Amino acid sequence: MKLNRLIVLVAVVGLLAGTASTLQAKPIIHDAEYQVLVKQHGEKWTEEDAELTDKLAALEKKFGKKPNIIHLMWDDSGYGDVGSPLLTRIHGIDTPNIAQMAEEGLSFTRMYTEPSCTPTRATALTGRQPIRTGMYQVIFPVHGIGLPKEEVTIAEILSENGYNTAFFGKAHQGDIEESYLHNQGFDVALFSTYNQFASQFFNETGEISRMTIGYTEDQWDQHGYAIDKNFRYKGEEIVWAIEGKKGEKGKRWNKDLSVEEQLRFTDETHARALQYIRDYANDEKPFYLDYWFHGPNFVEKFTERGREGNSARDNAFGDFVEHMDEMVAEVIAEVKKAGIEENTLIILMADNGPMKEIFPDEAFQAMFSGGKGSFLEGGIRVPAFAWWPGTIEANSVAGDIIHVSDLFTTFARLGGGTDDIPRDRVIDGIDQTSLLLNGDGHSRRDYVHVYAGPSYAATVKQQYKRHWMSSRPGLVGKSFFDLYKDPREEKGMMGQFLWAWEPFDAIKMRHEAQMQKYENTPPRKTEVYTGLSNYTPADD
Ligand SMILES: [Ca+2]
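Residues numbered from 1 in each chain as written. Predicted model: local features only at pLDDT ≥ 70, side-chain atom pairs only at ≥ 80, totals over all residues.

A word on the overall build of the protein
- For the protein, the helix and strand inventory stands at 16 helices and 18 strands.
- For the protein, whose C-alpha radius of gyration is 23 Å, the value lies close to the compact-globule estimate of 24 Å for 540 residues.
- For the protein, the spread of C-alpha atoms along the principal axes amounts to about 70 × 60 × 45 Å.
- Considering only residue pairs separated by 6 or more positions, the protein has 70% of its internal contacts joining residues 24 or more positions apart. (Helix = DSSP H or I, 4+ residues; strand = E, 2+ residues; numbered from the N terminus. Rg over C-alpha atoms; globule rule 2.2 N^0.38 Å. Contact = placed C-beta atoms within 7 Å.)

Notes on helix 14 (residues 405-414)
- Taken across its 10 residues, helix 14 has 10 buried, putting it largely inside the fold.
- Those residues of helix 14 that sit buried are S405, D406, L407, F408, T409, T410, F411, A412, R413 and L414.
- One or two positions beyond helix 14, positive phi appears at G416, with a value near 75°. (Buried ≥ 20, exposed ≤ 12 C-beta atoms within 10 Å, placed from the backbone.)

Examining the sheet that holds strand 12 (residues 396-403)
- Pairing in this open sheet of 10 strands is mixed, and the strands run 8-7-6-5-9-2-10-11-3-12 from one edge to the other. Two strands lie at the open edges of the sheet, namely strand 8 (251-252) and strand 12, each paired on one side alone.
- Sheet topology note: the strand 3 (residues 106-112)/strand 12 ladder contains 6 bridges and is parallel. Paired with Y112 across the two strands is H403, which belongs to strand 12.
- Contacts from helix 5 (residues 96-104) reach strand 3, strand 10 (344-350) and strand 11 (381-387), with the element oriented near 60° to strand 11. (Pairing = 2+ DSSP bridges. Axes fitted to C-alpha atoms, helices over the stretch in contact; angles between N-to-C directions.)

Looking at the confidence of the model for the protein
- Of all residues in the protein, 91% attain a pLDDT of 70 or more, and the chain-wide mean is 90.
- Across residues 8-23, confidence stays below pLDDT 50; counting only partners more than four residues off in sequence or on other chains, it has 12 contacts. (pLDDT = per-residue confidence, 0-100.)

Remarks on the environment of L376
- Tracing the backbone through its elements, the reader meets L376 in the loop between strand 10 and helix 13 (377-380).
- The exposure class of L376 is buried, given the 27 C-beta atoms found within 10 Å.
- L376 sits 261 residues away from P115 along the chain, and the two C-alpha atoms are 8.8 Å apart.
- Excluding residues that lie within four positions of it along the chain, L376 makes contacts with F368, S369, G370 and E489.

Let's talk about helix 5
- Along helix 5, the residues classified as buried are N97, I98, M101 and A102. All buried residues of helix 5 lie within an arc of 145° about the axis, which places them on one face of the element. (Arc of directions from axis to C-beta.)

A word on the nonpolar core
- Core analysis: the biggest nonpolar cluster contains 119 residues, and L72, V328, V331, L348, F385 and A386 have the highest contact counts within it.
- With 10 residues, helix 12 (residues 316-337) is the largest single contributor of residues to this core.
- The residues touching V328, leaving out its near neighbours within four places in the chain, are L72, N97, I98, M101 and L348. (Core = buried A, V, L, I, M, F, W, Y, C linked by C-beta atoms within 7 Å.)

A word on unusual backbone geometry
- Note the cis peptide between P141 and V142, where omega equals -10°.
- Positionally, V142 belongs in the loop between helix 7 (130-133) and strand 4 (145-146).
- We note that H172 has phi near 60°; this positive angle belongs to a residue other than glycine.
- Take H172: it is sitting in the loop between strand 5 (164-170) and strand 6 (188-192).
- A residue is classified by how many C-beta atoms lie within 10 Å of it, and H172, with 30 of them, is buried.
- Located in the positive-phi region is Y529, a residue other than glycine, with phi close to 55°.
- Residue placement: Y529 occurs in the segment after strand 18 (524-525).
- Residue Y529 is classed as partly exposed on the basis of its 19 C-beta neighbours within 10 Å.

Some words on the sheet that holds strand 17 (residues 480-482)
- The strand order across the open sheet formed by 4 strands is 14-15-16-17, and the pairing between neighbours is antiparallel. Of all strands in the sheet, those with a lone pairing partner are strand 14 (447-452) and strand 17, marking the two edges. The sheet shows a mean angle of 20° between the axes of neighbouring strands, direction not considered.
- Two elements, strand 14 and strand 15 (residues 455-461), share 6 bridges in a ladder whose sense is antiparallel. Across the sheet, the residue bridging to V448 is V460, located in strand 15.

Observations concerning the packing of helix 11 (residues 259-280) against helix 12
- At a minimum axis distance of 9 Å, the contact between helix 11 and helix 12 shows a crossing angle of 15°. The pairing of helix 11 with helix 12 is recorded here as roughly parallel in orientation. For helix 11 against helix 12, the interelement crossing comes out right-handed. Here H270, A273, L274, I277 and R278 of helix 11 come into contact with helix 12, specifically with M327, E330, V331, E334 and V335.
- Considered class by class, the residues forming the contact of helix 11 with helix 12 number 6 nonpolar, 1 polar and 3 charged. (Parallel < 35°, antiparallel > 145°, perpendicular 65-115°, else oblique. Left-handed = near helix turned anticlockwise from the far one by under 90°. Nonpolar A, V, L, I, M, F, W, Y, C, P; charged D, E, K, R; others polar.)

So, the pairing of strand 10
- By the criterion of burial, strand 10 is predominantly enclosed, with 7 of the 7 residues buried.
- Every second residue of strand 10 is oriented toward a common face, with T344, I346, L348 and A350 on one face and L345, I347 and M349 on the other, all of them buried.
- The pairing of strand 2 (residues 68-74) with strand 10 spans 7 bridges and is classified as parallel. Residue I70 lies in a different strand from strand 10, and its bridge partner there is I346.
- Relative to strand 11, strand 10 is paired through 4 bridges, and the arrangement is antiparallel. Of the residues in strand 11, the one forming a bridge with M349 is A384.

As structure tokens, then:
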């Protein structure tokens, strides 16, 4: 819908200007910092892009269509949790299949995300950091907040460019109609509105296990002081899973709030992802599949099933990751079985750092300080891999910086949709096709603006980082870090970085000045759960 409007606008502006390509020829409005880099490298990158375009055209000719793209993402993980036996073994986890994927593809060492679920996922979908889209808070039941319809998602862009599109798993993009994934460009979607935590603990099991406190009715104040009876949203009405098709009303999918429903969702989304690959592998159109694993589910540990096949580590996270390793293997096996591996890009990554608060069932944090929610490297630097046999170099490692927003712009390029990226707003994502195809040393980004919620928290530039939050003001502020010497950000420095005060100040000022010109979208808050054909528990 949005794209149609955009296309009409393009046509109108084109007519007024006397040429239909006027608007399309306009460059994407990138962050001010990127424009600093383009001034220095633009000419070289234009030449490089011509070669990449030829290479992609040759692939398209060979396979008869543009590449399939599969984005696999899971929850809350520390760098080194998966993929490398040298790292995973020290904390009792085996992920042989992801290790195999890494051997066949590219491992990123500096994949940056946002610090938590909703923001990272919104960024992947829109190519815009959450401060710009109003998606900077983690959405819980029943917020009435979600991804605004005016945002243009990668699914909308690829749909316009002849792709089949599907979403299965954890979306966490909110509980309002416009945020539903089938209303955001996906042909088909089975997705969660929230995370997997609240929707399984708003019940007696949650209260008994102390995963939830003060929610169920018998836990309310017994002395009669709880005057407002509507203070808590009634649990049985929470719609945490929805399925839908583009252009149709959605359908509440979850029957109730329980561990069993969470596990049924995990199984169903996995089955549908595999079936989708089978169904569309040899379609005349390529496909774009977001399969974002619904896990870990910490409450699995309370069930019989949660006791099966334990990792050596024997905690909820370890067991989940070993299970996920098998699910990743099944996805790759399906791709290979269909014979489409040389025309399919798979990106596998976590969405943010480990949730350190739920020891002993948490993920592991070996390399960095901080976890989920933190602007330290541990919150935003995640395990990530790219796989595309024959096109991405096997067993390669990139030391370059890449940010989750870059996937949007890169996927759009691979799918032939760059011209459909909006030109009326700032797009943080940078086209990283060169990094994927040419490998280490070919990133077009050497910076990350790090936000904590709506606040600008830190700036990463090259191997250096400056904390803006929690630094002491004035010349005593030891807020500069060398991430090679001090990846845990434990030894803030100042005197050694007097040279860096002005350059870091300038990065932040340029970024914020540009924001004055292109207004940010505030959080979209509206009525919950509209647009569903069955606002009652599903019975199938
Ligand atoms: Ca997460």
